Amino acid sequence: MSMAVIGMIAGMALGFAGYFGGFGAFLLVAALGAIGFVVGRFLEGDLDVGDFFRSRNDRRR
């Protein structure tokens, strides 16, 4: 599935949550989607746990 289709599905889910559940539901769906994205990238091996704990000076090297 292409990234455009995944983005469209995510946008539709946020739209439905915002329309039917209000702004609070919109924020909840957005936050859970972001958490799911990070966990998915971590499980695929694209992210390391250490990436979240490095200082800015270490990233520049």
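For the structure itself, consult the block above.
My aim in this report is to walk through the structure given alongside it, one point at a time. Keep in mind that this is a model prediction, so the values were computed, not measured.

**Digging into the packing of helix α1 (residues 3–21) against helix α2 (residues 23–44)**
α2 packs onto α1 with a crossing angle of 155° between their chain directions and a minimal axis gap of 6 Å. It follows from the interaxial angle that α1 and α2 lie roughly antiparallel. Relative to α2, α1 is oriented so that their crossing is right-handed. Touching A13, L14, A17, G18 and G21 of α1 are F23, A25, F26, V29 and A30, all from α2. By residue class, the composition of the contact of α1 with α2 is eight nonpolar, two polar and no charged.

The rules behind each value
- Residues numbered from 1 in each chain as written.
- Predicted model: local features only at pLDDT ≥ 70, side-chain atom pairs only at ≥ 80, totals over all residues.
- Heavy atoms only, no water.
- Axes fitted to C-alpha atoms, helices over the stretch in contact; angles between N-to-C directions.
- Helix = DSSP H or I, 4+ residues; strand = E, 2+ residues; numbered from the N terminus.
- Parallel < 35°, antiparallel > 145°, perpendicular 65-115°, else oblique.
- Left-handed = near helix turned anticlockwise from the far one by under 90°.
- Contact = heavy atoms within 4.5 Å.
- Nonpolar A, V, L, I, M, F, W, Y, C, P; charged D, E, K, R; others polar.

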